[in-house]
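# A look at the structure
Listed below, chain by chain, are the residues.
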Amino acid sequence: MKRIAIFASGAGSNARKIIEHFTHHPKISVELIVCNKPGAGVLNIADEHGIPSLLLDKEQFFRGNAYVDELKADEIDFIVLAGFLWKVPATLIQAYPQKIVNIHPALLPNYGGKGMYGRFVHEAVLANKETESGISIHLVDELYDHGKVVFQASCEVKPDDTPDTLAQRIHELEHKHFAPVIETLLS
Ligand code: GRF
């Protein structure tokens, strides 16, 4: 069984889709939800599905063992970043080489990097009058939104789009593709 930990900081709509996709899966299971925000919606989703959750301590994450010991003790094989806003420390990347994947709500390499997350991405896409946007799923390395892209899907940007309407269209793409891409990476 491949055991997944999902890292998230927000509402957790992607985490919910991934959990639902792998519920009753013969070879892959979501075993842990890791969060850096007390009260984040994703923690309720973990409770709903009876999945243990871990609230990160910033000091231990960035200046300690980056929770590598805890993840290894829990026999976590693969890490999924689903709206996780902290940068992943080198310690954790080295402990999980090519085994950490992230989803970004734009077509990398554009609209990525430090500070480019959530609403800020969609505002920048609209400000540049782009006619297309999309999602990128990539392996995580030591630079923001930089690792090898393993999947992309695009959608149109409508003339009357707002950051919210574009975000909704992007979420639909994420919810459709993220779990199947993870399944392919782990098969
Ligand atoms: C997603 O749009 C993802 O691309 C971005 O953060 C958002 C998280 O949304 N990195 P949710 O918490 O999964 O609803």
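Attention in this report is confined to the structure presented alongside it. Because the structure is predicted, anything quoted here is derived from the model rather than measured.

Across all of its chains, the model carries eight aromatic pairs by this definition. When the centroid spacing of 5.9 Å and the interplanar angle of 80° are considered together, the rings of Phe 61 and Phe 84 count as edge-to-face. On the criterion of sequence distance, the pair formed by Phe 61 in helix H3 (residues 58–63) and Phe 84 in the loop between strand S4 (78–81) and helix H5 (90–95) is long-range, its members being 23 residues apart. Exposure remark for Phe 84: the relative accessible area of 8% places this residue in the buried category. Residues Phe 62 and Trp 86 carry aromatic rings whose centres are separated by 5.2 Å and whose planes lie at 55° to one another, so their mutual orientation is tilted.

What follows deals with the layout of surface pockets. Space inside the largest pocket adds up to approximately 840 Å³. Residue lining of the largest pocket: 40 residues in total, with Gly 83, Phe 84, Leu 85, Tyr 117 and Gly 118 positioned closest to the centre. Of all the secondary structure elements, the ones that give two or more residues to the lining of the largest pocket are helix H1 (13–22), strand S5 (100–104), helix H6 (119–127) and helix H7 (163–186). The element contributing the most residues to the lining of the largest pocket is H7, with four residues. Looking at the lining of the largest pocket residue by residue, the classes come out as 19 nonpolar, 14 polar and seven charged. Of the residues that make up the lining of the largest pocket, three or more belong to each of domain 1 (1–97) and domain 2 (105–187).

Each value, and the rule that gives it
- Residues numbered from 1 in each chain as written.
- Predicted model: local features only at pLDDT ≥ 70, side-chain atom pairs only at ≥ 80, totals over all residues.
- Heavy atoms only, no water.
- Phe/Tyr/Trp six-rings, centres within 6.5 Å; stacked < 30°, edge-to-face > 60°.
- Helix = DSSP H or I, 4+ residues; strand = E, 2+ residues; numbered from the N terminus.
- Buried < 20%, exposed > 50% of the residue type's maximum accessible area, 1.4 Å probe, protein only.
- 1 Å grid on protein atoms, 1.4 Å probe; cavity = no way out; pocket = protein on both sides within 12 Å on 5 of 7 lines; lining within 4 Å.
- Points joined across faces, edges and corners; volume = space filled by probe spheres on them.
- Nonpolar A, V, L, I, M, F, W, Y, C, P; charged D, E, K, R; others polar.
- Domains from an automatic or database assignment.

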